[in-house]
Amino acid sequence: MTHDGSVATKIKDAIEVQNRFSFAWQIAASAEIVWLSTSRNPSNPSLSLNPSSSMNLPTRSSSSRRRSSRRGFTLLEMVIVLSIIAMIMGGMIYGFRTFADRAKPQQVKADFNFLLNVLDMYRINNKRYPTNSEGLDAVMPKSGSNKDKGTDPWGNAYVYRFPGSVDSSKPEIICKGPDGQEGTGDDLSSQKDL
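Worth saying up front: this structure is predicted, and the values here are computed from it rather than measured. (Residues numbered from 1 in each chain as written. Predicted model: local features only at pLDDT ≥ 70, side-chain atom pairs only at ≥ 80, totals over all residues. Heavy atoms only, no water.)

Undergrad: Is there a simple way to think about the overall build of the protein in this case?
TA: In terms of helices and strands, the protein carries four helices and three strands. N-terminal to C-terminal, the α/β element order of the protein is α-α-α-α-β-β-β. For the protein, the proportion of its 194 residues judged to be buried stands at 16%. Within the protein, contacts between residues separated by at least 24 positions form 40% of all contacts whose residues are at least 6 apart in sequence. With the model as given, the accessible surface of the protein reaches about 14900 Å², and the carbon-plus-sulfur share is 61%. (Helix = DSSP H or I, 4+ residues; strand = E, 2+ residues; numbered from the N terminus. Buried < 20%, exposed > 50% of the residue type's maximum accessible area, 1.4 Å probe, protein only. Contact = heavy atoms within 4.5 Å. Areas by Shrake-Rupley, 256 points an atom, 1.4 Å probe, with all protein chains shown as cover.)

So, in structure tokens, the structure goes:
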């Protein structure tokens, strides 16, 4: 009989547990109904779930709400923007460098015109052009601040020859070009390239 009594006790306990769960479910369901009714009908202050309405708690101002709704930049966004800026700047630097390289022969031609005008003024004042040994130093200022006046855009000194290779009555000025060596294909001459 003890065996039957323990089974009966277990059944009785199971029914009691079931009743407790159903009671808990009923409470939860009624709480959900109250919550739904107050969230859909905010005009009923007695059922309001807003804690600041029943208690005098400070609420956030609208400006702080706006500030908190703003989103900052993430590290990934900053890296992407900085890499795009770096690529644009790299392209610009490359473009400026190639533009400057293309402008150097034009600068040489402008230097040729300037130096030929200075040599013509020297001839008018001295009744002759400078000799090869005197070179462009005879027409360049002697001050230390103008010591680089006789150099091309690549930093090499211009070569002076009188008489010239094409017109023997005029002097010839030769630029050694980017390689800095005279007699190569990149040389420029005042008598051939103007």
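Now that the structure has been shown, we can carry on.
Undergrad: So what exactly am I meant to see when it comes to the packing of aromatic side chains here?
TA: According to the stated counting rule, one finds two aromatic pairs in the structure shown. A ring pair is formed by tyrosine 129 and phenylalanine 162, whose centres lie 5.2 Å apart and whose planes are at 50 degrees; its orientation type is tilted. Here the residue tyrosine 129 occupies a position in the loop between helix H4 (75-126) and strand E1 (159-161), and phenylalanine 162 occupies one in the loop between E1 and strand E2 (172-175), the gap between them amounting to 33 residues. The partly exposed category is assigned to phenylalanine 162, whose relative accessible area is 27%. (Phe/Tyr/Trp six-rings, centres within 6.5 Å; stacked < 30°, edge-to-face > 60°.)

Undergrad: Please explain the sheet that holds strand E3 (residues 188-189) as it appears in this structure.
TA: The pairing of strands in a sheet comes from backbone hydrogen bonds and takes either a parallel or an antiparallel form. The three strands lie next to each other as E1-E2-E3, forming an open sheet whose pairing is antiparallel. Across the chains shown, the open sheet's two edge strands, defined by having one partner strand only, are E1 and E3. Here H4 sits on the sheet and contacts E1, E2 and E3; the angle it forms with E2, its principal contact strand, is near 155 degrees. (Pairing = 2+ DSSP bridges. Axes fitted to C-alpha atoms, helices over the stretch in contact; angles between N-to-C directions.)

Undergrad: Can you help me understand the side chain of glutamate 172 in this one?
TA: Structurally, glutamate 172 is set in strand E2. Despite its burial, glutamate 172 pairs with no opposite charge, the nearest such side chain being arginine 161 at 4.7 Å. Within the structure, the side chain of glutamate 172 is placed 2.9 Å from the backbone nitrogen of serine 165, a separation counted as a polar contact. Within polar-contact distance, the side chain of glutamate 172 engages the side chain of serine 189 at 2.5 Å. Those residues within four positions of glutamate 172 in sequence are excluded, and the remaining contacts are Val159, Tyr160, Arg161, Gly164, Ser165, Ser189, Ser190, Gln191 and Lys192. (Lys, Arg positive; Asp, Glu negative; His and termini not counted. Salt bridge = Lys/Arg side-chain N within 4 Å of Asp/Glu carboxyl O. Polar contact = N/O pair within 3.5 Å; in protein donor to acceptor, adjacent residues only side chain to side chain.)

Undergrad: Would you mind showing me how to read the environment of glutamate 172 here?
TA: Residue glutamate 172 is classed as buried on the basis of its relative accessible area, which comes to 1%. Along the backbone, glutamate 172 and tyrosine 160 are twelve residues apart, and their C-alpha atoms lie at a distance of 6.0 Å.

Undergrad: So what exactly am I meant to see when it comes to unusual backbone geometry here?
TA: Peptide bonds are trans in most cases, and residues, glycine excluded, mostly fall at negative phi. Residue proline 163 is bonded to the preceding phenylalanine 162 through a cis peptide linkage, with omega at 5 degrees. Tracing the sequence through the fold places proline 163 in the loop between E1 and E2. A positive phi angle, close to 65 degrees, is found at lysine 127, a residue other than glycine. When you line up the elements, lysine 127 lands in the loop between H4 and E1.

Undergrad: Honestly, the confidence of the model for the protein in this entry has me stumped. Any pointers?
TA: In low-pLDDT regions, the fine details of the predicted coordinates are not to be read closely. Mean pLDDT over the protein works out to 77, with 65% of the residues at or above the 70 mark. Per-element averaging of pLDDT across the protein places helix H2 (residues 51-54) at the bottom with 48 and E2 at the top with 94. pLDDT under 50 marks residues 51-55. Its contacts with residues more than four places away, or in other chains, come to four contacts. (pLDDT = per-residue confidence, 0-100.)

Undergrad: Help me out: how do you make sense of the pattern of salt bridges in this one?
TA: For side chains bearing opposite charge, pairing can occur when the charged atoms are close. This model, assessed by the stated rule, comprises three salt bridges. In this structure, lysine 104 engages aspartate 101 in a salt bridge whose closest nitrogen and oxygen atoms are separated by 3.8 Å. Here aspartate 101 and lysine 104 lie together in helix H4, a separation of three residues that amounts to about one turn. Among the residues examined, lysine 104 registers a relative accessible area of 23% and is labelled partly exposed. What makes aspartate 101 partly exposed here is its relative accessible area of 42%. Glutamate 134 is paired through a salt bridge with arginine 128; the nearest N and O atoms lie 3.0 Å apart.

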